[in-house]
There are 2 protein chains.
Amino acid sequence: MTDSPLSRKLATFVALSDTELAVLDSLHKRRRIFVAGRDLVLQGQTEQAAYILCSGWACSNKLLQDGQRQIVDFQIPGDFLGLRSVLLHISDHSIEPVTDIEVTEILASDLLDAFAHTPRLATAVLWAASRDEAMVVEHLVDVGRRNAAERMAHFLLELGARLSLVGMGEKASFACPLTQYHLADALGLSAVHINRVLRQLREAGMVTFRDGRVTFDNYEKACAFTQFDPTYLDQHGPLLK
Amino acid sequence: MTDSPLSRKLATFVALSDTELAVLDSLHKRRRIFVAGRDLVLQGQTEQAAYILCSGWACSNKLLQDGQRQIVDFQIPGDFLGLRSVLLHISDHSIEPVTDIEVTEILASDLLDAFAHTPRLATAVLWAASRDEAMVVEHLVDVGRRNAAERMAHFLLELGARLSLVGMGEKASFACPLTQYHLADALGLSAVHINRVLRQLREAGMVTFRDGRVTFDNYEKACAFTQFDPTYLDQHGPLLK
């Protein structure tokens, strides 16, 4: 159990001691399953728990009153779901499982206790939250400043880097359960536009997304095309020894 | 000194003890001044410090190779500058003073030491980072899903709520040094468009931005217009007693 996707991810930032790993383990007590498409956190909900995603994919999104939806980010194993909501007393977003998912539920009190007793763990979680924020910043740049093809390429390159860190595929080839509707709501494009952009990237010899698998036909070309600089994902090795 | 904008902000989340306030004070040792328009953190820079903003306004932004710029957020007194960069080993963005600013420099080692000795402070900083992330998420929704007038109104309402928390004006009336160019780069609009949108909001009786001051002529109307729900700013009072 000690080798969870979360411990693997946090180990990128901090070399966790046995005590710290044990505390992290103890947070993995309450296992729960949620099925695809049924929200596990609702925007505006108070008093909810946070979750650690153990298997499957989820997405966080904001709903507007007129029915529009902006997907903020996708979560993969090792990611927190609703951590911000616990700290901010209220959920400012909804979380929906993209596939069936398995999570462990963490009560706010358990989390704050763990932080009080293992401050290095708190720092590691702050690192993970900073990394999540850096991804949201990139999505803001995607929507604000990159054209449709650049957005898509940047987004898929980011996914590959994240998945390879937690051992779920290679950065240039990975299984991906996202539909064109997920991509559309994340990238601010229509579903029709998504198909056109994917065809364009495929015909340019950069990346193919087919039958639930993303394969970069020319990884370097895709990186150059969208100016992908993965340093914001900070996968260089521990800052805290 | 104990009553700094940062301590006032963190007190919203956690009732800080005298020891914790003293540690926070001790982080305010190295005062530095930066003049408007000269970056204090450069995108791609490594090994830099983080700063706490004591007076003045700054903005964090991402530069693209083609010269485009996306402003991610503005920082006001009590905000961290470059906290994410310290944790992520490298700065994924630049920080530019909007006005002349006074900051205190914090070395990564001092910050990590402070966290290790006062874990509640680490949790409070995690709260502040979560709140910053919630703002970036709103900016993503602004650019991805809100029209120009809704974006502008939402942005100005957010600023008012933030400024009032640290005692720099009222939520419905505050001094604001931002130019149309700052607003354009933050909201993904042209400077000309900014002027048109501000006129539209003024003529609708919602908000006037003139001579460096934002005044909501009808605060409730502006909130309803842009569906402003300030819960993501979490200004309700301490979760941690």
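Residues numbered from 1 in each chain as written. Chains lettered and ligands numbered in written order. Predicted model: local features only at pLDDT ≥ 70, side-chain atom pairs only at ≥ 80, totals over all residues. Heavy atoms only, no water.

### Quick word on the interface of chain B and chain A
So, step 1. Contact with chain B, which involves 53 residues of that partner, is made by 53 residues of chain A.
So, step 2. A buried area of about 4900 Å², summed over both sides, lies between chain B and chain A, and 69% of it is on carbon and sulfur atoms.
So, step 3. Considering only the side of chain B, the residues that lose the most area to chain A are Leu126, Leu140 and Arg145 of chain B, jointly responsible for 16% of the buried surface there.
So, step 4. Linking chain B with chain A are 6 residue pairs in polar contact (both at pLDDT 80 or more).
So, step 5. Looking at the side of chain B that touches chain A, the elements that each hand over two or more residues are strand 4 (69-75), helix 3 (83-87), helix 4 (108-117), helix 5 (119-145) and helix 7 (180-187) of chain B. (Contact = heavy atoms within 4.5 Å. Buried area = accessible area lost by both parts, 1.4 Å probe. Polar contact = N/O pair within 3.5 Å; in protein donor to acceptor, adjacent residues only side chain to side chain. Helix = DSSP H or I, 4+ residues; strand = E, 2+ residues; numbered from the N terminus.)

### With respect to the pattern of salt bridges
As a working rule, side chains carrying opposite charge can pair if their charged atoms are close by.
So, step 1. Here the structure, examined in full by the defined rule, presents 26 salt bridges over all chains.
So, step 2. Among the salt bridges present, the one from Arg32 of chain A reaches Glu105 of chain A, with a minimum N-O distance of 2.7 Å. Within this pair, whereas Arg32 of chain A is found in strand 1 (residues 30-34), its partner Glu105 of chain A is found in strand 7 (residues 101-106), the two being separated by 73 residues in sequence.
So, step 3. Judged by relative accessible area, Glu105 of chain A falls into the buried class, the value being 14%.
So, step 4. For the salt bridge of Arg145 of chain A with Asp185 of chain B, the shortest nitrogen-to-oxygen distance reads 3.7 Å. Here Asp185 of chain B lies in helix 7 and Arg145 of chain A lies in helix 5 (residues 119-145), a pairing that spans two chains. (Salt bridge = Lys/Arg side-chain N within 4 Å of Asp/Glu carboxyl O. Buried < 20%, exposed > 50% of the residue type's maximum accessible area, 1.4 Å probe, protein only.)

### Some points on the pairing of strand 3 (residues 58-63) of chain B
Consecutive residues of a regular strand have side chains that alternate between opposite faces of the sheet.
Residue and element names in this part refer to chain B.
So, step 1. The element strand 3 is extensively covered by neighbouring structure, given that 5 of its 6 residues are classed as buried.
So, step 2. Across 6 bridges, the pairing between strand 3 and strand 4 is antiparallel. For Lys62, the partnering residue across the bridge sits in strand 4 and is Gln70.
So, step 3. In textbook terms, the turn of a hairpin is the stretch between consecutive antiparallel strands, and for strand 3 and strand 4 this stretch comprises 5 residues, one of which, Gly67, has a positive phi near 95°.
So, step 4. Bridging between strand 3 and strand 6 (residues 94-97) involves 4 bridges; their strand directions are antiparallel. Within strand 6, the residue paired with Ser60 across the bridge is Ile95. (Pairing = 2+ DSSP bridges.)

### Overview of the pairing of strand 7 (residues 101-106) of chain B
All names here are of chain B.
So, step 1. Taken across its 6 residues, strand 7 has 5 buried, putting it largely inside the fold.
So, step 2. Note: strand 1 (residues 30-34) against strand 7, 5 bridges, orientation antiparallel. Residue pairing across strands places Arg30 opposite Glu105, the latter belonging to strand 7.
So, step 3. As paired elements, strand 2 (residues 50-55) and strand 7 share 5 bridges and run antiparallel to each other. The partner of Ala50 across the bridge, within strand 7, is Ile106.

### Comments concerning the relation of the copies chain B and chain A
So, step 1. Overlaying chain B with chain A gives an RMSD of 0.0 Å, the required rotation being 180° about an axis along which the chain moves by 0.0 Å. One copy is carried onto the other by what is essentially a two-fold rotation axis. (Least-squares fit on C-alpha atoms with pLDDT ≥ 70 in both.)

### Description of the sheet that holds strand 7 of chain B
So, step 1. An order of 1-7-2-5 (chain B) is seen for the 4 strands of this open sheet, with the pairing classed as antiparallel. Where the open sheet ends on each side, the last strands, each with one partner, are strand 1 and strand 5 (80-81) of chain B.

### Some words on the environment of Cys223 of chain A
Residue and element names in this part refer to chain A.
So, step 1. With respect to the helices and strands, the residue Cys223 is situated in helix 9 (residues 219-226).
So, step 2. Along the sequence, Cys223 and Ala153 sit 70 residues apart, while their C-alpha atoms lie 7.9 Å from each other.
So, step 3. Beyond its immediate chain neighbours, meaning those up to four positions away, Cys223 contacts Leu157 and Phe228.

### Topic: the domain arrangement of chain A
Residue and element names in this part refer to chain A.
So, step 1. Each domain of chain A was delimited in the assignment, giving domain 1 (5-129) and domain 2 (137-233).
So, step 2. Inter-centroid distance (C-alpha atoms) of domain 1 to domain 2 is 24 Å.
So, step 3. Counting residues at the interface gives 19 residues for domain 1 and 18 residues for domain 2.
So, step 4. Summed over both sides, the interface of domain 1 with domain 2 buries roughly 1600 Å², with 64% coming from carbon and sulfur.
So, step 5. The largest share of the area that domain 1 buries against domain 2 comes from Trp57, Phe74 and Ile76, three residues that together contribute 37% of it. (Domains from an automatic or database assignment.)

### Quick notes on the packing of helix 5 of chain B against helix 6 (residues 148-165) of chain B
All names here are of chain B.
So, step 1. At their nearest, the axes of helix 5 and helix 6 sit 9 Å apart, and the two run at 165° to each other. The pairing of helix 5 with helix 6 is recorded here as roughly antiparallel in orientation. For the crossing formed where helix 5 meets helix 6, the hand is left-handed. Contacts between helix 5 and helix 6 involve Arg131, Met135, Glu138, His139, Asp142 and Val143 from the first element and Arg151, His154, Phe155, Glu158, Arg162 and Leu165 from the second. (Axes fitted to C-alpha atoms, helices over the stretch in contact; angles between N-to-C directions. Parallel < 35°, antiparallel > 145°, perpendicular 65-115°, else oblique. Left-handed = near helix turned anticlockwise from the far one by under 90°.)

### Quick word on helix 7 of chain B
So, step 1. Buried within helix 7 of chain B are the following residues: His182, Leu183, Ala184, Ala186 and Leu187 of chain B.
So, step 2. As for helix 7 of chain B, its buried residues are in contact with helix 5 of chain A together with strand 4, helix 5, helix 6, helix 8 (191-203) and strand 9 (207-210) of chain B.
So, step 3. Gly188 of chain B occupies a position one or two residues after helix 7 of chain B and carries a positive phi of about 70°.

### Side note on the side chain of Glu138 of chain B
So, step 1. Inspection of the secondary structure puts Glu138 of chain B in helix 5.
So, step 2. Polar side-chain contacts of Glu138 of chain B include one of 3.5 Å to the side chain of His154 of chain B.
So, step 3. Contacts of Glu138 of chain B, omitting those with residues within four sequence positions, involve Lys62 of chain A together with Arg146, His154, Glu158 and Tyr232 of chain B.

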